Amino acid sequence: MSAITRAEVAHLARLARLDLAEDELDHYAEQLDVILTSVARVSEVAADDIPPTSHPVPLVNVTRPDEARPSLARADALAAAPAVEDERFRVPRILEEQE
Amino acid sequence: MSTPLERDLIRQSAATLAEAIAEGEVSAREVTQAHLDRIAEVDDRVHAFLHVDGQGALATADAVDASRAAGELLGPLAGVPLALKDILAMKDVPTTCGSRILEGWRPPYDATVVERLRAAGIPILGKTNMDEFAMGSSTEHSAFGPTHNPWDLDRIPGGSGGGSAAAIASFEAPLAIGTDTGGSIRQPAAVTGTVGVKPTYGGVSRYGLVALASSLDQAGPCTRTVMDAALLHSVIGGHDPRDSTSIPDPMPDVVAAAARADVRGMRIGLVRELTGEGYQAGVEQRFREAVEILEHLGAEVVEVSCPHFDYALGAYYLILPSECSSNLARFDGMRYGLRVGDEGDRSVEEVMSLTREAGFGPEVKRRIMLGTYALSSGYYDAYYGQAQKVRTLIQRDFDAAFAQCDVLVSPTAPTTAFRIGEKVDDPLAMYLNDVATIPVNMAGNCAMSLPVGLAPEDGLPVGLQVMAPPMADDRLYLVGGALEGALRDRWGHLLIEEVPSL
């Protein structure tokens, strides 16, 4: 049984905002299946009572003095933008037409 | 043609060059120019650099020469040039991470590592090639073409930091910065006959390091000698309030440890799970010989078992893609980088999808989708959740091993450098290159790779990995320094001096 289907890969690509071509879907479905089958070995480890580790060096409540400091100038922030209008980032429409 | 003096300059260690500059035997400009000339001479074949900043490097060198002339005290590496992996933000210099999606981007700020290099008077020669966003073990996943291994130009220089390692091995730079998420400093060091150190997680600031997997990424030194690595490590290391994961405690004195270079009385653990099946015969042979030398030098060698290391690769390829799918969401074509398809009345979602499809290469897409899968509801507990538990068990294996031993050793990589193209479309085969280096990233401790000879069957370099507990980075240098010294005595030179001339 395969761990992942072509339809699932298409769904993942949509979630991940990747406009994959048809032939890419076939290729990745095959490769992701091989990888997932291999990494699924982690399930062999009996770990029900083991706490998860998200971070190797646990530091908590890391704070610094709340002091105002200079930040990025607007021109610097906009300098690398793909499109700028009225000193703002110009982005494509964010709503559907019927809305 | 370079003059004999220039050829000589590029073959010196960073420590030697720093001393010569401080003594006024040579200027920082001459040293920097010699390396820029070398890059111009050989980089069309090696392709270690994505961008060369000759003007910037020479300006820093001139400032060092002026400071010296003014009688100011120079830092320990002042005037010694460096190659910077293209994943660290450097103000006004292109930073691509090996990706089309960032082609032409010039960061508006310096990473903390870059800030510290500048403060130390280290001229930055340019940005080095890498697998796209540090995903890969061969530098073939760079959008700008592969880097070639100076030992054999048809072979890979390792990855993701193949550019930094190849720059060092081809004498284009005496110092380089790499980053190591699953072995990207150590595996390239192993296959290019150079030295690479992954510091303790939190030991070097991640501010301005473009994130792949935030709980695993760590920048560190790439050099030709253990002492050079220690000198660079101490320049870039230490607490940074701009990185909330930066360790506030003072870092160990790695330079003193490299100078002491002594393993007498140390207990060294041989990790049973990191040898045997899958390891090339010549790699095992050189590794065993190096371990015997450590015994001769006065260390006690014992075998230890870390049973969960067998699951580290699987857990890593769930945790890393999960973090990466989240981190790389920032490349959406809105504020910087590539934007594709912004025409007609396409929506922001369509433009993002077209941009990411065009801007990312195959390995990045694979891992983003893997991570998206591992984090989806219904799979989260079985994949990401279970991988995090395995991560705990790997840490416990290390704790148990370090209760018996001061350091652990293994081969750095299971094989020597393979041929370009051999594994590029076989992700699982590529992932296996990092089988021995990944456990350290999972646990957050530190490790070094150093050259221990050429494999008899193919004449290519073999690396030995030394692993130490968190914040015991000095032990890497004690062992590395001692072993390097013994091997140099045996061979009459460093291994890198056997690299074919280009």
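Cut-offs applied
- Residues numbered from 1 in each chain as written.
- Chains lettered and ligands numbered in written order.
- Predicted model: local features only at pLDDT ≥ 70, side-chain atom pairs only at ≥ 80, totals over all residues.
- Heavy atoms only, no water.
- Helix = DSSP H or I, 4+ residues; strand = E, 2+ residues; numbered from the N terminus.
- Rg over C-alpha atoms; globule rule 2.2 N^0.38 Å.
- Buried < 20%, exposed > 50% of the residue type's maximum accessible area, 1.4 Å probe, protein only.
- Contact = heavy atoms within 4.5 Å.
- Areas by Shrake-Rupley, 256 points an atom, 1.4 Å probe, with all protein chains shown as cover.
- Lys, Arg positive; Asp, Glu negative; His and termini not counted.
- Charge placed at Lys NZ, Arg CZ, Asp CG, Glu CD.
- Salt bridge = Lys/Arg side-chain N within 4 Å of Asp/Glu carboxyl O.
- Pairing = 2+ DSSP bridges.
- Axes fitted to C-alpha atoms, helices over the stretch in contact; angles between N-to-C directions.
- Right-handed = clockwise from strand over helix to strand, strands pointing away.
- Core = buried A, V, L, I, M, F, W, Y, C linked by side-chain atoms within 4.5 Å.
- Polar contact = N/O pair within 3.5 Å; in protein donor to acceptor, adjacent residues only side chain to side chain.
- Phe/Tyr/Trp six-rings, centres within 6.5 Å; stacked < 30°, edge-to-face > 60°.
- Lys NZ or Arg CZ within 6 Å of the ring centre and 35° of its normal.
- Parallel < 35°, antiparallel > 145°, perpendicular 65-115°, else oblique.
- Left-handed = near helix turned anticlockwise from the far one by under 90°.
- Nonpolar A, V, L, I, M, F, W, Y, C, P; charged D, E, K, R; others polar.
- Buried area = accessible area lost by both parts, 1.4 Å probe.

Draft legend 1. Spotlight on the overall build of chain A. Helices and strands together make up the secondary structure of chain A, namely three helices and two strands. When the elements of chain A are put in sequence order from the N terminus, they spell out α-α-α-β-β. A globule of 99 residues ought to have a C-alpha radius of gyration of about 13 Å, yet chain A, at 23 Å, is considerably larger. Oriented by its inertia axes, the alpha-carbon framework of chain A measures out at about 55 × 45 × 30 Å. The buried share among the 99 residues of chain A stands at 29%. Excluding contacts between residues fewer than 6 apart, the proportion of contacts in chain A whose partners are at least 24 apart in sequence is 26%. Only carbon and sulfur atoms are counted for the fraction: they give 51% of the accessible area of chain A, which is about 7,000 Å². Here chain A contributes 10 positively and 20 negatively charged side chains, and the mean placements of these two sets differ by 7 Å.

Draft legend 2. Region of interest: the pattern of salt bridges. Summed over the entire model, instances satisfying the criterion amount to 32 salt bridges over all chains. Of the charged contacts, one joins B:Asp62 and B:Arg29 as a salt bridge, the two residues approaching to 2.8 Å between their closest N and O atoms. Taken together, the positions of B:Asp62 in helix H4 (residues 54-69) and B:Arg29 in helix H3 (residues 28-46) put the pair 33 residues apart, joining distant regions of the chain. Residue B:Arg29 is classed as partly exposed on the basis of its relative accessible area, which comes to 35%. One connected set of salt bridges, linked through shared partners, spans A:Glu85, A:Arg90, B:Arg339 and B:Asp342.

Draft legend 3. Just the sheet that holds strand S7 (residues 267-271) of chain B, in detail. Residues and elements named next belong to chain B. Across the sheet, eleven strands lie side by side as S1-S3-S2-S4-S6-S5-S10-S11-S9-S7-S8; this open sheet has mixed pairing. Looking at the sheet topology across the chains shown, the edges are occupied by strand S1 (49-52) and strand S8 (300-304). The mean angle between the axes of side-by-side strands here comes to 25 degrees, regardless of whether they run parallel or antiparallel. With three bridges joining them, strand S2 (residues 82-85) and strand S4 (residues 175-179) adopt parallel strand pairing. Along S4, the bridge assignment pairs Ala83 with Ala176. Running over the sheet, helix H8 (residues 226-236) touches S2, S4, strand S5 (195-198), strand S6 (219-223) and strand S10 (446-454) and is turned about 150 degrees from S6. The strands touched by helix H17 (residues 473-491) within the sheet are S5, S6, strand S9 (407-411), S10 and strand S11 (461-468), with S10 carrying the most contacts at an inclination of about 10 degrees.

Draft legend 4. Region of the structure containing the pairing of S8(B). Residue and element names in this part refer to chain B. Bridge count for S7 against S8 is five bridges, and the pairing is parallel. Each residue of the ladder has a partner; that of Arg267, found in S8, is Glu300. Regarding topology, helix H10 (residues 281-296) serves as the crossover connection from S7 to the parallel S8, and that connection is right-handed.

Draft legend 5. A look at the nonpolar core. Core analysis: the largest hydrophobic core is formed by 126 residues, its most contacted members being B:Leu117, B:Phe133 and B:Ile177. Within the second largest apolar cluster, 39 residues are counted, among which are B:Val283, B:Ala299, B:Val462 and B:Leu487.

Draft legend 6. Broad picture of the side chain of B:Asp86. All names here are of chain B. Within the element layout of this structure, Asp86 appears in the loop between S2 and helix H5 (112-119). Here the side chain of Asp86 touches Lys127 through a polar contact of 3.0 Å, side chain to side chain. Setting aside anything within four residues of it in sequence, one finds Asp86 in contact with Leu50, Pro94, Thr95, Thr96, Cys97, Gly98, Lys127, Thr128 and Met130.

Draft legend 7. Examining the packing of aromatic side chains more closely. Residue and element names in this part refer to chain B. By the definition in use, this model includes 13 aromatic pairs over all chains. Ring centres 3.7 Å apart and planes at 10 degrees place the aromatic pair Tyr317 and Tyr431 in the stacked group. Of this pair, Tyr317 sits in helix H11 (residues 312-327) while Tyr431 sits in helix H15 (residues 427-431), and the two are 114 residues apart along the sequence. Judged by relative accessible area, which is 2%, Tyr317 ranks as buried. By relative accessible area, Tyr431 is classed as buried at 2%. A cation over an aromatic ring shows up here: Arg11 above the ring of Phe171, its NZ or CZ 4.2 Å from the ring centre.

Draft legend 8. Representation of the packing of H3(B) against H4(B) within the structure. Residues and elements named next belong to chain B. Interaxial distance between H3 and H4 falls to 8 Å at its minimum, and their mutual angle equals 160 degrees. In this view, H3 runs roughly antiparallel relative to H4, as classed from their interaxial angle. For H3 against H4, the interelement crossing comes out right-handed. Packed against H3, whose contacting residues are Ala28, Arg29, Thr32, Gln33 and Leu36, the element H4 presents Gly54, Ala57, Leu58, Ala61, Asp62, Val64 and Asp65 at the interface. Residues that form the contact of H3 with H4 fall into these classes: six nonpolar, three polar and three charged.

Draft legend 9. How the structure looks around unusual backbone geometry. All names here are of chain B. Of note, the bond from Gly159 into Ser160 is cis; its omega dihedral lies within 30 degrees of zero at 10 degrees. By the element assignment, Ser160 lies in the loop between strand S3 (124-128) and helix H6 (162-169). A positive phi angle is found at Cys97, which is not glycine, with a value near 55 degrees. With respect to the element layout, Cys97 can be found in the loop between S2 and H5. By relative accessible area, which is 0% here, Cys97 ends up buried.

Draft legend 10. A look at the environment of B:Thr32. All names here are of chain B. Mapped onto the elements, Thr32 comes out in helix H3. According to the relative accessible area criterion, Thr32 is buried, its value standing at 0%. With 29 residues separating them along the chain, Thr32 and Ala61 place their C-alpha atoms 6.8 Å apart. In this structure Thr32 touches Ala57, Leu58, Ala61, Gly79, Pro81, Pro123 and Leu125, once residues within four positions along its chain are discounted. There is a polar contact of 2.9 Å between the side chain of Thr32 and the backbone oxygen of Ala28.

Draft legend 11. A look at the interface of chain B and chain A. Taken together, the contact pairs 67 residues of chain B with 56 residues of chain A. Surface buried jointly by chain B and chain A totals about 5,200 Å² across both partners, of which 65% is contributed by carbon and sulfur atoms. Summed over the shared surface of chain B and chain A, the number is two salt bridges. Applying the counting rule to chain B against chain A returns 22 residue pairs in polar contact (both at pLDDT 80 or more). Elements that contribute at least two residues to the side of chain B that touches chain A include exactly H11, helix H12 (348-359), helix H13 (362-374), helix H14 (381-404), H15 and helix H16 (438-443) of chain B. Considering each element in turn, the side of chain B that touches chain A owes the most residues, eleven residues, to H14(B).

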